[in-house]
Amino acid sequence: MKVKVVSRILEANDRIAEENRRRFKKAGVFVANLMGAPGAGKTTLLEQTIRMLTPGVRIGVIEGDIVGSDDAERIGALGVPVVQINTGGACHLDANMISEVLDELPLDELEMVIIENVGNLVCPAEFKVGEDVKMMVLSVAEGHDKPLKYPLMFQESSALVLNKVDLLPYTNADLGKMKQDSLALNPKLTVFEVSCRTGAGIEAWAQWLSGLRSQ
Amino acid sequence: MCLAVPSKIISIDNETAMIDVYGARKEVSIMLLPEEPRIGDFVLVHAGFAIQMIKAEAFQTGEIMHESSIAHSILEIVEEQCAEKNCTVVDAVTVRLGRATGVMPESLQFAFDALKEPTAAKNAKMTVDIVPVGGHCNACGREFDVPDVQYIFACPHCGSNAFEITRGREMEISDMEMH
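First, a word on what this report is: a plain description of the structure on this page.

Each value, and the rule that gives it
- Position numbers for residues count from 1 along each chain, tracking the sequence in the order it is written.
- For this description, chains carry letters from A and ligands carry numbers from 1, given in the order in which they are written.
- Local features in a predicted model are, by the rule used here, given only for residues with pLDDT of at least 70; side-chain atom pairs are given and counted only at 80 or more, and totals for whole chains, interfaces and linings are based on all residues.
- In this text, helices come from DSSP runs of H or I with a minimum length of four residues, and strands from runs of E with a minimum of two, each type numbered from the N-terminal end.
- In this description the radius of gyration comes from C-alpha coordinates, and the expected globular size is given by 2.2 Å times residues to the power 0.38.
- Our exposure labels follow a C-beta count within 10 Å of each residue's own C-beta, placed from the backbone: buried means 20 or more other C-beta atoms, exposed means 12 or fewer, and partly exposed covers the counts in between.
- For every residue pair, C-beta atoms are placed from the backbone, and the pair is scored as a contact if these atoms sit within 7 Å.
- To define axes, lines are fitted to C-alpha atoms, for helices over the stretch in contact only, and angles between the resulting N-to-C directions are given on a 0 to 180 degree scale.
- An angle below 35 degrees is treated as roughly parallel, one above 145 as roughly antiparallel, one from 65 to 115 as roughly perpendicular, and anything else as oblique.
- By definition, turning the near helix anticlockwise from the far helix through less than a right angle yields a left-handed crossing, and turning it clockwise yields a right-handed one.
- Among buried residues, those of type Ala, Val, Leu, Ile, Met, Phe, Trp, Tyr and Cys that are joined through C-beta atoms within 7 Å form a set called a nonpolar core.
- For this classification, Asp, Glu, Lys and Arg are treated as charged, while Ala, Val, Leu, Ile, Met, Phe, Trp, Tyr, Cys and Pro are nonpolar and the rest, including Gly, are polar.
- Any two strands are treated as partners once DSSP identifies two or more bridges connecting them.
- Here the expected span of a helix is defined as 1.5 Å times the quantity of residues minus one.
- Taken from the helix axis, the directions to the C-beta atoms give the arc we talk about.

**With respect to the overall build of chain A**
Stage number 1. Scanning chain A from N- to C-terminus turns up 8 helices and 8 strands.
Stage number 2. Relative to its length of 215 residues, chain A is compact, with a C-alpha radius of gyration of 17 Å against a globular reference of 17 Å.
Stage number 3. On the principal axes, the C-alpha backbone points of chain A span a range of 60 × 50 × 35 Å.

**Looking at the overall build of chain B**
Stage number 1. The helix and strand inventory of chain B stands at 3 helices and 11 strands.
Stage number 2. The helix and strand sequence of chain B, counted from the amino end, reads β-β-β-β-β-α-α-β-α-β-β-β-β-β.
Stage number 3. Scored against the burial criterion, the 179 residues of chain B give a buried share of 35%.
Stage number 4. Intrachain contacts of chain B at a sequence separation of at least 6 include 58% that bridge at least 24 residues.

**Brief notes about the packing of helix α2 (residues 66-84) of chain B against helix α3 (residues 105-115) of chain B**
Residue and element names in this part refer to chain B.
Stage number 1. Between α2 and α3, the least distance of the axes is 8 Å, while the angle of their chain directions is 55°. Taken together, the axis directions place α2 and α3 in an arrangement best described as oblique. Along this stretch, α2 crosses α3, giving a crossing that reads as right-handed. Taken together, the residues of α3 that come into contact with α2 (itself represented by Glu67, Ser68, Ile70, Ala71, His72, Ile74 and Leu75) are Ser107, Leu108, Ala111, Phe112 and Leu115.

**Remarks on the nonpolar core**
Stage number 1. The biggest cluster of nonpolar side chains holds 67 residues, and the ones touching the most others in it are Val113, Ile114, Ile115, Val161 and Leu162 of chain A.
Stage number 2. For this core, the leading source of residues is strand β2 (residues 30-36) of chain A, giving 5 residues.
Stage number 3. Setting aside residues no more than four positions away along its own chain, Leu162 of chain A makes contact with Leu138, Val140, Leu175, Met178, Val191, Phe192, Glu193 and Val194 of chain A.
Stage number 4. In terms of nonpolar packing, the next biggest core, distinct from the first, is built from 25 residues, Ile70, Cys82, Phe112 and Leu115 of chain B among them.

**A closer look at the interface of chain A and chain B**
Stage number 1. Tallying the contact residues gives 26 residues for chain A and 31 residues for chain B.
Stage number 2. Along the lines of polarity and charge, the residues of the side of chain A that touches chain B split into 16 nonpolar, 5 polar and 5 charged.
Stage number 3. Looking at chain direction, strand β1 (residues 2-8) of chain A and strand β11 (residues 171-178) of chain B are connected through 5 bridges and run antiparallel. Within β11 of chain B, the position partnered with Ser7 of chain A by the bridge is Ile173 of chain B.

**Some thoughts on the packing of helix α2 (residues 42-53) of chain A against helix α8 (residues 202-211) of chain A**
Two measures define how a pair of helices packs: the angle their axes make with one another and the distance between the axes.
Residue and element names in this part refer to chain A.
Stage number 1. Relative to each other, α2 and α8 sit at 75°, their axes nearing to 10 Å. Taken together, the axes of α2 and α8 lie roughly perpendicular to each other. Residues Gln48, Thr49, Met52 and Leu53 of α2 pack against Ile202, Glu203, Ala206, Leu209 and Ser210 of α8.
Stage number 2. Looking at the contact of α2 with α8 residue by residue, the class counts come to 5 nonpolar, 3 polar and 1 charged.

**Examining the environment of Ala17 of chain B**
All names here are of chain B.
Stage number 1. Checked against the element boundaries, Ala17 lands in strand β2 (residues 16-21).
Stage number 2. Given 24 C-beta atoms within a 10 Å radius, Ala17 is considered buried.
Stage number 3. For Ala17 and Pro37, which are 20 residues apart along the polypeptide, the C-alpha to C-alpha distance reads 9.2 Å.

**A few points about the sheet that holds β11 of chain B**
Adjacent strands of a sheet pair through backbone hydrogen bonds, lying either parallel or antiparallel.
Stage number 1. Ordered in space as β1(A)-β11(B)-β6(B)-β7(B), the 4 strands form an open sheet in which the pairing is mixed. Of all strands in the sheet, those with a lone pairing partner are β1 of chain A together with β7 (125-131) of chain B, marking the two edges. Strand-to-strand twist across the sheet, computed as the mean angle between neighbouring axes with direction ignored, equals 20°.
Stage number 2. As judged from the 7 bridges shared by strand β6 (residues 90-98) of chain B and β11 of chain B, these two strands associate in the antiparallel manner. Residue pairing in the sheet places Val90 of chain B in a bridge with Met178 of chain B of β11 of chain B.
Stage number 3. Contacting β6 and β7 of chain B, α3 of chain B runs over the sheet at an angle of about 160° to β7 of chain B.

**What to know about the sheet that holds strand β6 (residues 133-139) of chain A**
Residues and elements named next belong to chain A.
Stage number 1. Judged by pairing direction, the sheet is parallel, and its 7 strands sit side by side in the order β4-β3-β5-β2-β6-β7-β8 without closing on themselves. The sheet terminates laterally at β4 (82-86) and β8 (190-193), the two strands that pair on one side only. Here the average twist between neighbouring strands, direction ignored, is 20°.

**Side note on helix α1 (residues 11-26) of chain A**
Residues and elements named next belong to chain A.
Stage number 1. Its 16 residues give α1 an end-to-end C-alpha distance of 22 Å, which sits within 8% of 22 Å, the value for a rise of 1.5 Å per residue.
Stage number 2. Looking only at α1, the buried set comprises Asn13, Ile16, Ala17, Asn20 and Phe24. The buried residues of α1 occupy one face: seen down the axis, they fall within an arc of 105°. Exposed positions of α1 whose direction lies more than 90 degrees from the buried face are Arg15, Glu18, Arg22 and Lys26.
Stage number 3. Considering only its buried residues, α1 is in contact with β2, α4 (95-101) and β5 (112-116).

**Examining unusual backbone geometry**
Stage number 1. Of note, the bond from Thr54 of chain A into Pro55 of chain A is cis; its omega dihedral lies within 30 degrees of zero at 5°.
Stage number 2. Along the chain, Pro55 of chain A turns up in the loop between α2 and β3 (59-65).
Stage number 3. Even without being glycine, Asp148 of chain B reaches a positive phi, approximately 65°.
Stage number 4. In this structure, Asp148 of chain B sits in the loop between β9 (143-146) and β10 (163-167).
Stage number 5. Since 8 C-beta atoms lie within 10 Å of it, Asp148 of chain B is described here as exposed.

Here's what the structure looks like:
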């Protein structure tokens, strides 16, 4: 027997992501999914963002890594609630992993949850986790060819944080091309140039992120 | 897409093993593995070395990689549909996969074949139909399909950027054969 099915393969994930989103909404929490390659500066950006926005904004963090709790310890040291997920080999967080740790965060006391995804420029872009907004970090040292080589994440994100701009003089990266290609892939992308090391550009970025809560 | 390639061991000779990667045979060193592998085991291979054993359970819960999560979801849907139609054996599955997803068809095929064994689809053949990126241009009014690329910046007919992409992100099961 041959049957037409037409069933979306990630429907189960999307359904759980929608449940997560409802739980976040009910608690009045805005959720951002932070993606980017290993070493782009996701955790450092998160630290700088937390320093800039707390205690004014009550932030909680979910950290995703293949193994280890180094990132959660760094974030925990800033005094914000944090949960570490170890994916044990998986290259991305999915909605179910988030659902399983939600009880460990005091959602009712929070205004914003930032989910730091597994370091990877490809796979996380495919899986919804229940976020309001996806955003990504790309460091200038990764090279200006990255947007066109890994288009999906650039197309899925609302914001692109170009990190390590203080390193520009030491690389051959063309910042103009990086921005131009990213915006060509996704004209709705809001682009920030920052250096987490010097603090340049962090305030503008953090204010933008904070402002999303009221939209 | 992930970096290390899951491969099946088909023979072992001391510290080297013959592996099968998407149908290709390759010799790799197994000296870095924490335990002695057996024929039929899956290992992750990087740069000529088997670096990690893949436990069958881990593979089945979709923990190993992106494509195996997706293959796992496909098998779940397939088994559900099979039971719903009062069938017991799945013979074939057709999947439509957009060119602009991050999913590699070869990896998906490999993961599906590795995971299907304990399911009603254990003898099923999966066909992957690739859907090219395509859309509609609001400037010239024409439809377009662009083979072999993941994105475009301008309408291939008139060069305008006032186009909408409407195809190429599909990830769905389109039909199944079962009895």
